[in-house]
Amino acid sequence: MNNNNAFDLFFNANSLGFLLILLISSCSSNDITDGPYFGNGFHNGWADQHSIVIWTRLTLRPEMNLGGQQFIPLTQEQHSKLRNCRNRDSIHLAQIPDSLTLDDMEGACPGATGEVKLKYYPMIDPGVTIETPWEKVDPDKNYTMQWKLEGLEANTRYQVDIYAREDANHGISDTVSGTFITPPDEEMVRETRFCIVTCHDFNRRDDSIMGHKIYPSMLATVPDFYVHTGDIEYYDMHNPRAMTEEMMRFKWDRLFALPFQRQFFTEVTTYFMKDDHDALCNDVFPGMQYGTVTFERGLEIFDREQFPSNPEPYKTIRWGKDLQIWLMEGRNFRSQNHLPDGPGKTIWGEEQKRWLFRTLEASDATFKLIISPTPILGPDRDNKNDNHSNQNFSYEGEEIRQFVDQFENVFLCNGDRHWQYVTHREGTNLWEFSCGAGSDVHAGGWKQTDLRPEHRFLRVKGGFLAGKVTRLEEKVLLTFQHCDVDGRIVHEEHFETEY
Ligand SMILES: [Fe+2]
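Owing to the predicted nature of the structure, the values given are computational and were not obtained by experimental measurement.

Conventions we followed
- Residues numbered from 1 in each chain as written.
- Predicted model: local features only at pLDDT ≥ 70, side-chain atom pairs only at ≥ 80, totals over all residues.
- Heavy atoms only, no water.
- Helix = DSSP H or I, 4+ residues; strand = E, 2+ residues; numbered from the N terminus.
- Buried < 20%, exposed > 50% of the residue type's maximum accessible area, 1.4 Å probe, protein only.
- Polar contact = N/O pair within 3.5 Å; in protein donor to acceptor, adjacent residues only side chain to side chain.
- Contact = heavy atoms within 4.5 Å.
- Axes fitted to C-alpha atoms, helices over the stretch in contact; angles between N-to-C directions.
- Parallel < 35°, antiparallel > 145°, perpendicular 65-115°, else oblique.
- Left-handed = near helix turned anticlockwise from the far one by under 90°.
- Nonpolar A, V, L, I, M, F, W, Y, C, P; charged D, E, K, R; others polar.
- Domains from an automatic or database assignment.
- Donors = N, O, S within 2.8 Å, 3.2 Å for Na, K, Ca; no water.
- Tetrahedral: all angles 85-135°; square planar, octahedral: opposite > 155°, others 65-115°.
- Salt bridge = Lys/Arg side-chain N within 4 Å of Asp/Glu carboxyl O.
- Pairing = 2+ DSSP bridges.

### Here we look at unusual backbone geometry
Where the residue is not glycine, phi is negative for most of them; where a peptide bond is considered, it is trans in most cases.
Part 1: Going from Asn 239 to Pro 240, the amide bond is cis rather than trans, its omega being -15 degrees.
Part 2: Checked against the element boundaries, Pro 240 lands in the loop between strand 10 (225-228) and helix 5 (245-255).
Part 3: In this structure, the amide linkage connecting Gly 378 to the following residue, Pro 379, adopts the cis form with an omega of 10 degrees.
Part 4: Within the secondary structure layout, Pro 379 lies in the loop between strand 16 (367-372) and helix 10 (394-405).
Part 5: Even without glycine at this site, Asp 231 takes up a positive phi of about 60 degrees.
Part 6: Turning to its location among the elements, Asp 231 is positioned in the loop between strand 10 and helix 5.
Part 7: Take Asp 231: its relative accessible area is 1%, and that puts it in the buried class.
Part 8: The phi dihedral of Asp 283 is positive, around 55 degrees, even though this residue is not glycine.
Part 9: Within the fold, Asp 283 resides in the loop between helix 7 (276-279) and strand 12 (289-290).
Part 10: For Asp 283, a relative accessible area of 18% translates into the label buried.

Below you can see the structure in the form of structure tokens.
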């Protein structure tokens, strides 16, 4: 059996089995269930050697309502008008059919009140289990809960078991379990594998029941960690155009109820970044508002509610002796896109930029990855005005490119663009790897025939970027592999250095 058939069989078997479960659960979706449940599983975030943040949410039902009703599509004219409307009811009435509510719509996974408790322990030593007290989820934060686990051991796989109950008078109603691994410390030599993705949403999933195929494909590569560079969901795309907080939450609840996603996030150490579509809307900058939601509130929903939180929305993490990554934040600190370019105009903000330059200079990791939601090298389309490779941010873009060019073995990895590429400027140390959109139907925005001198690789299709750092004889090797949605390698680049 070739790989292709094995994958097809895997997807079909998964989809059929899950379809049966869904049919059973959607038949009873209006019945009173016990619950609460973990319909969104759990996520982790911001892991370093000694800490991680765990996020979960309680739901009314164990699964989303895939058999729900359809939203009313808006015309471009209606969308343009409503995005300036500050009335929640007008926005909802225009998209939700009469007499229905958001909970009746396709994919709804409403939240539920209740209590949660978490147990965790290193898998090699279940005897040292730590258990948190029962705590209520926060209905004002979409029925979510977060724990920061501290005092962890480096390079250790931990088991996580989370329990749900309605209250102290009820028994356990649901459990969810999974694992994560902490990064090795700066002295440790260990092969490290990772995956980087961008741009996908519920509408453009390539398995209508299970979610996005890249998730099982990435799991098959056994990554130590995964980075989502943002545009995890699209508030401003149809079905529905999420111009209220309730609709934004609806979109998260639906996306994270997808089985492929849910399975992946219980097994892999994960870093979530955000970009314009999951901060508020296309090419967003401070001062903008989308329907009833302000820019500040958009950041808060992402940074403080729907994803594991960190005091700062950026971080650098050492993954052993041979790898260090920097996760850059591209929305919170940026200037308004339309301002004239020049000194002071910024995407990263002065503080974050100085922090990057300082920590990059201080790092003795063999290979260093700067992971940015948006491109730094490009090329990008001439009509874009939102990132460091565009003309209107070229002052800061050039400052960053000149700084990075001083170093060998520093690589740029980016999301945002819906095509895969590797670019290298001849005569410089500058390399950029664009992971490309998360499904084939989501790919586009560049012509496959438009190959520029700096392109080493160009593919206008969906997939992900996989990477591996390893040692062989006297050398440290870094491999980047662009993969299609089924995990087949479509391009490889190798870098090596002596140690
Ligand atoms: Fe995107």
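### Quick notes on the side chain of Gln 159
Part 1: Residue position: Gln 159 is located in strand 7 (residues 157-165).
Part 2: In this structure Gln 159 comes out as buried when scored by relative accessible area, which is 14%.
Part 3: A polar side-chain atom of Gln 159 sits 2.9 Å from a polar atom in the side chain of Asp 161.
Part 4: Ignoring any residue separated from it by four or fewer positions in sequence, one finds Gln 159 in contact with Lys 119, Tyr 120, Tyr 121, Met 123, Ser 177, Gly 178 and Thr 179.

### Some thoughts on the packing of helix 5 against helix 8 (residues 295-306)
A pair of packed helices is captured by two measures, namely the crossing angle of their axes and the spacing between those axes.
Part 1: Their axes nearest at 12 Å, the elements helix 5 and helix 8 cross at an angle of 40 degrees. Accordingly, the angle class assigned to the pair helix 5 and helix 8 is oblique. As for the relative orientation of helix 5 and helix 8, their crossing is right-handed in sense. Along the contact surface, helix 5 presents Glu 245, Met 248, Arg 249, Trp 252 and Asp 253, while helix 8 presents Arg 297, Ile 301, Phe 302, Glu 305 and Gln 306.
Part 2: The class makeup of the residues in the contact of helix 5 with helix 8 is four nonpolar, one polar and five charged.

### Section: the domain arrangement of the protein
Part 1: Annotation of the protein at the domain level lists domain 1 (9-63 + 108-181) and domain 2 (192-230 + 313-498).
Part 2: Between the C-alpha centres of domain 1 and domain 2 the distance comes to 30 Å.

### A few points about the coordination of the iron ion
Part 1: The coordination sphere of the iron ion contains the protein donors Cys 199 (SG), Asp 231 (OD), Tyr 234 (OH) and His 418 (NE2), at a distance range of 2.0 to 2.5 Å.
Part 2: Around the iron ion sit four donor atoms; with metal-centred angles ranging over 84 to 162 degrees, the donor geometry is irregular.
Part 3: For the iron ion, the single-chain donor residues occur in sequence as C-x31-D-x2-Y-x183-H. With Cys 199 in the loop between strand 9 (192-197) and helix 4 (214-219) and Tyr 234 in the loop between strand 10 and helix 5, the pair connects residues that are 35 residues apart, well separated along the chain. In this structure, Cys 199 and Tyr 234 share a single accessibility class: buried.

### Some thoughts on the pattern of salt bridges
Part 1: In total, this model carries 38 salt bridges according to the counting rule given.
Part 2: Arg 204 is the partner of Asp 201 in a salt bridge, and the nearest nitrogen-oxygen pair spans 2.8 Å. As far as the burial class goes, Asp 201 and Arg 204 line up, both buried.
Part 3: Where Arg 331 meets Asp 386, a salt bridge forms, and the shortest distance between an N and an O atom there is 2.6 Å.

### A word on the side chain of His 424
Part 1: Positionally, His 424 belongs in strand 18 (residues 420-424).
Part 2: Assessed through its relative accessible area of 12%, His 424 is described here as buried.
Part 3: In this structure the side chain of His 424 is engaged in a polar contact, spanning 2.9 Å, whose partner is the backbone oxygen of Leu 430.
Part 4: Within the structure, His 424 has its side chain in polar contact with the side chain of Trp 431 (distance 3.3 Å).
Part 5: Excluding residues within four positions of it along the chain, His 424 makes contact with Leu 430, Trp 431, Glu 454 and Arg 456.

### Examining the sheet that holds strand 18
Part 1: Taken in spatial order, the seven strands make up an open sheet running 14-15-16-17-19-18-20, and their pairing is mixed. In this open sheet, the two strands that pair with only one neighbour each are strand 14 (315-318) and strand 20 (455-459). Going across the sheet, the axis of each strand differs from the next one's by a mean of 15 degrees, ignoring polarity.
Part 2: Bridging between strand 16 and strand 17 (residues 410-414) involves five bridges; their strand directions are parallel. Across the sheet, residue Ser 372 finds its bridge partner in strand 17, namely Asn 414.

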